[in-house]
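Reading the structure
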Amino acid sequence: LMIMFAKNALNGSDSVYGLIVSATALGSIVGAVATWFRGKLKDEIVLKVSLISLGVSVLLISVTSTVWVALVLFAIVGIAQTTFGITVATLLQTHLAENIMGRTFATMGVIVQVCQLLSMGAGAYLADVVGVRTVYVIGGSIVLLTALLASKFVSVPVVADENSG
């Protein structure tokens, strides 16, 4: 959808699309570094903030017409996606038995890839029918709904710090 957004919503050229992809990638790098230095911030907080930031950013992307604002928002998307992904992977590695870890990550990878393919197809189709901005509204709303449901029904196990004696 990024290319459709760059061309249709921002009236941009191919270089605007390139800038959007670069901003998202830069955000991913920042998110990875930020996750490394997050200190004692609880996993549950990181997951909630990541999902909420992602949802709000995608909703704001749907209404912006300014390239530079869009670039900042796509960078935030990159940060949020990466911090969420790293935190989920860390939680799974911490709490899964070693004998099922490989199967769990493989299964999760397949499910994620299938969902990404389906969402790309559905998103492109919907963008043609209702417009790319509306698809971003739908996507941001789904992420925020996920954040709300997760905060209500999902608890993150707490692991005692090895150094806290």
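Here's what I pulled together on the structure shown here. Given the structure is predicted, the values throughout are model-derived calculations rather than measurements.

Parameters and conventions
Residues numbered from 1 in each chain as written. Predicted model: local features only at pLDDT ≥ 70, side-chain atom pairs only at ≥ 80, totals over all residues. Heavy atoms only, no water. Helix = DSSP H or I, 4+ residues; strand = E, 2+ residues; numbered from the N terminus. Buried < 20%, exposed > 50% of the residue type's maximum accessible area, 1.4 Å probe, protein only. Contact = heavy atoms within 4.5 Å. Areas by Shrake-Rupley, 256 points an atom, 1.4 Å probe, with all protein chains shown as cover. Lys, Arg positive; Asp, Glu negative; His and termini not counted. Charge placed at Lys NZ, Arg CZ, Asp CG, Glu CD. Polar contact = N/O pair within 3.5 Å; in protein donor to acceptor, adjacent residues only side chain to side chain. Core = buried A, V, L, I, M, F, W, Y, C linked by side-chain atoms within 4.5 Å. Salt bridge = Lys/Arg side-chain N within 4 Å of Asp/Glu carboxyl O.

**Section: the overall build of the protein chain**
Along the backbone of the protein chain there are six helices and zero strands. Sequence-ordered secondary structure for the protein chain, helices as α and strands as β, is α-α-α-α-α-α. Principal axes of the C-alpha set define a box for the protein chain whose edges measure 60 × 30 × 30 Å. The buried share of the protein chain, taken over its 165 residues, is 29%. When contacts within the protein chain are restricted to residue pairs at least 6 apart in sequence, those whose partners lie at least 24 apart make up 75%. Accessible surface computed for the protein chain: about 10200 Å², of which carbon and sulfur atoms make up 70%. Across the protein chain, 8 positive and 7 negative side-chain charges occur, with their mean positions spaced 7 Å apart.

**As for the environment of S65**
Turning to its location among the elements, S65 is positioned in the loop between α3 (43-61) and α4 (67-95). C-alpha of S65 to C-alpha of A6: the two residues are 59 residues apart in sequence and 9.6 Å apart in space. With residues up to four places along the chain from it excluded, the contact list for S65 reads L10 and R133. A distance of 3.2 Å separates a polar atom in the side chain of S65 from a polar atom in the side chain of R133.

**A look at the nonpolar core**
Ranked by size, the top nonpolar core spans 25 residues in total, and within it F5, I20, I61, F74, V132 and Y136 carry the most contacts. For this core, the elements supplying multiple residues, two or more each, are α1 (2-9), α2 (14-36), α3, α4 and α6 (132-153). When residues of this core are assigned to their parent elements, the largest contribution, seven residues, is made by α4. Leave out the neighbours within four places in its chain, and Y136 touches L1, M2, F5, V58, L59, I61, S62 and F74.

**Here we look at the pattern of salt bridges**
What the rule picks out here adds up to three salt bridges. Where D14 meets K7, a salt bridge forms, and the shortest distance between an N and an O atom there is 2.9 Å. Among the residues examined, K7 registers a relative accessible area of 38% and is labelled partly exposed. Between K48 and E44 there is a salt bridge whose closest N-O contact spans 3.4 Å. Residue K48 and its partner E44 are located together in helix α3, separated by four residues, close to a single helical turn. Owing to a relative accessible area of 27%, E44 belongs among the partly exposed residues under this scheme.

None of the figures reported here should be taken as evidence of function without further support.
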